[in-house]
Amino acid sequence: MKEASLWHPVAASDALQADPLGVQLLGEAVVLWRDATGQAHALADQCPHRGAKLSLGRVCGGRLECPYHGWQFSGDGACRHVPALPDFVPPSGHAARVYAAQERYGLVWVQLQADTSHTVPEFAAETDGQLRKLNCGPYDVATSAPRIIENFLDMAHFGFVHDGWLGMRAAPAIDDYTVAPTPTGLRATQCKAWQPQSNVHSTAPAQVEYTYEVVAPYTAVLTKVPDAASVALQGFRESIALFICPITPETSRVWFRLAMADFESPDTKLQDFQHTIFMQDKPVLESQTPKRLPLDVRTEAHTAADKASSAYRRFLKQETITFGVC
């Protein structure tokens, strides 16, 4: 499976306004822009005429205009106007390279290589009307996307990286849990952790049960329902999606999509908790070597507590996902 055929998040929808926006995906420079109807488009960030960055240009009359000679391109990549030759009809060879783009979960997603067998990863909680949705991020992280997914699936680090929050150094033991392969990756159930503060509304420590799912090579989802007696907000539950843009094999951009049974708290209160947790993870993630996740089981040591991450590595190896891993 080629990474270019997968859908990847590249920018927040609200970051793409009237001006073109340059982003990086899988080592490729991409320009995002909106046409006159507001639809998002993605082109290679290189004018086919003399190679200037189209992201330095502007949107004019619903077309993307090159900053160098004013060539104008439509959403399908076709060149529609060459100002130096007003009567010239540009041939197909003058087109810019076009990529598929769509918006979901408050993000712009891009697919570099057309493949209808792949879709934007599913986040089941998105259609749950009893859960409020908002995004947290982006975070730029100097490591590969698979390293970040593996950390998201790992509970054994809670008592050390998140001591006093998602775990306790004095009680680091992890009970056995179940992992099963799925067509999109894996599902881990019966994942339990004793947490001093499992969520933004925690009032007391509690045993919390998680479910983890890998729903695409670089997308994972966790759901958890805390003990009602340990939470100030009645009926509180949450589901969190981790969406990763693989910028290069060793650099990533991360968003979290929060879905929570809380329609009253300000956005910042909900985002701040997730921000605190990920800022504890980030320096450890960036310290890991090699930055590209090793798929050879002999490269790093493993224990039974690592069964979710081991299953993830097997999935990547089986699918021959190679960008960002080694």
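The coordinates are above.
Report on the accompanying structure. None of these values were measured; they are calculated from a predicted model.

Quick look at the overall build of the chain now. Of the regular secondary structure elements, the chain holds 4 helices and 17 strands. Rg of the C-alpha trace for the chain: 22 Å, near the compact-globule value of 20 Å for 326 residues, within the 12% margin. With respect to the three principal axes, the spread of C-alpha positions in the chain is 75 × 50 × 30 Å. Counting all 326 residues of the chain, 50% fall into the buried class. Long-range contacts, defined as pairs at least 24 residues apart, comprise 60% of the intrachain contacts of the chain with a sequence gap of at least 6. Of the roughly 14700 Å² of accessible surface on the chain, 52% is carried by carbon and sulfur atoms. Looking at the chain, you have 28 positive and 35 negative side-chain charges, and the mean spots of the two groups are 4 Å apart.

Read from one edge to the other, the open sheet built from 4 strands follows the order 5-6-7-8, with strand pairing classed as antiparallel. Every other strand in the sheet has two partners, leaving strand 5 (58-60) and strand 8 (79-81) as the edge strands with one partner each.

In total, this model carries 12 aromatic pairs according to the counting rule given. Between Tyr139 and Phe256, the ring centres sit 6.3 Å apart and the planes meet at 65 degrees, which makes this aromatic pair edge-to-face. With Tyr139 in strand 11 (residues 132-141) and Phe256 in strand 17 (residues 251-260), the pair connects residues that are 117 residues apart, well separated along the chain. For Tyr139, a relative accessible area of 8% puts it in the buried group.

Of the consecutive residues Gly137 and Pro138, the connecting peptide bond is found in the cis state with omega at 10 degrees. Along the chain, the position of Pro138 falls in strand 11. The backbone phi angle of Leu26 is positive, close to 50 degrees, even though this residue is not glycine. Structurally, the position occupied by Leu26 is in the loop between strand 2 (21-25) and strand 3 (28-34). Of the residues examined, Leu26 reaches a relative accessible area of 11% and is grouped as buried. With phi around 60 degrees, Gln190 is a residue other than glycine that occupies positive phi space.

Counting residues in each nonpolar core, the largest one holds 47 residues, and the members touching the most others are Tyr212, Val254, Phe256 and Tyr312. Beyond its immediate chain neighbours, meaning those up to four positions away, Tyr312 contacts Pro146, Ile149, Glu150, Leu153, Leu186, Val214, Pro217, Tyr218 and Leu293. Ranked by size, the runner-up nonpolar core spans 34 residues in total, among them Leu26, Leu112, Phe123 and Ile247.

Take the sheet that holds strand 1 (residues 8-12) next. Through backbone hydrogen bonds, the strands of a sheet pair up, either in parallel or in antiparallel fashion. The 6 strands are arranged 1-10-9-4-3-2 in an open sheet whose pairing can be described as antiparallel. Taken across any chain shown, the strands that pair with only one partner, and hence form the sheet edges, are strand 1 and strand 2. Sheet twist, expressed as the average angle between the axes of neighbouring strands with direction ignored, equals 35 degrees. As paired strands, strand 1 and strand 10 (residues 107-111) are joined by 4 bridges and run antiparallel to one another. Across the sheet, residue Ala11 finds its bridge partner in strand 10, namely Val108.

Here we come to helix 4 (residues 307-318). Here helix 4 spans 16 Å end to end across 12 residues, near enough to the 16 Å set by a 1.5 Å rise per residue. The positive-phi residue at the C-terminal boundary of helix 4 is Thr320, with phi of around 50 degrees.

Inspection of the entire model under this criterion finds 0 disulfides. Between Cys47, a free cysteine, and Cys66, which holds the nearest cysteine sulfur, the sulfur-to-sulfur gap is 3.8 Å. On the basis of relative accessible area, Cys47 is assigned to the buried category, the value being 3%. Unpaired in this structure, Cys245 has its nearest cysteine sulfur neighbour in Cys136, at a distance of 17 Å.

We now examine the packing of helix 1 (residues 145-153) against helix 4. Packing of helix 1 against helix 4 leaves a shortest axis separation of 8 Å and a crossing angle of 150 degrees. The interaxial crossing formed by helix 1 with helix 4 has right-handed handedness. When helix 1 is examined against helix 4, the residues Pro146, Arg147, Ile149, Glu150 and Leu153 are found in contact with a partner set consisting of Ala308, Ser309, Tyr312, Arg313 and Leu316. Of the residues that constitute the contact of helix 1 with helix 4, the class distribution is 6 nonpolar, 1 polar and 3 charged.

Scoring rules and cut-offs
Residues numbered from 1 in each chain as written. Predicted model: local features only at pLDDT ≥ 70, side-chain atom pairs only at ≥ 80, totals over all residues. Heavy atoms only, no water. Helix = DSSP H or I, 4+ residues; strand = E, 2+ residues; numbered from the N terminus. Rg over C-alpha atoms; globule rule 2.2 N^0.38 Å. Buried < 20%, exposed > 50% of the residue type's maximum accessible area, 1.4 Å probe, protein only. Contact = heavy atoms within 4.5 Å. Areas by Shrake-Rupley, 256 points an atom, 1.4 Å probe, with all protein chains shown as cover. Lys, Arg positive; Asp, Glu negative; His and termini not counted. Charge placed at Lys NZ, Arg CZ, Asp CG, Glu CD. Pairing = 2+ DSSP bridges. Phe/Tyr/Trp six-rings, centres within 6.5 Å; stacked < 30°, edge-to-face > 60°. Core = buried A, V, L, I, M, F, W, Y, C linked by side-chain atoms within 4.5 Å. Axes fitted to C-alpha atoms, helices over the stretch in contact; angles between N-to-C directions. Expected span 1.5 Å × (residues − 1). Disulfide = S-S within 2.5 Å. Left-handed = near helix turned anticlockwise from the far one by under 90°. Nonpolar A, V, L, I, M, F, W, Y, C, P; charged D, E, K, R; others polar.

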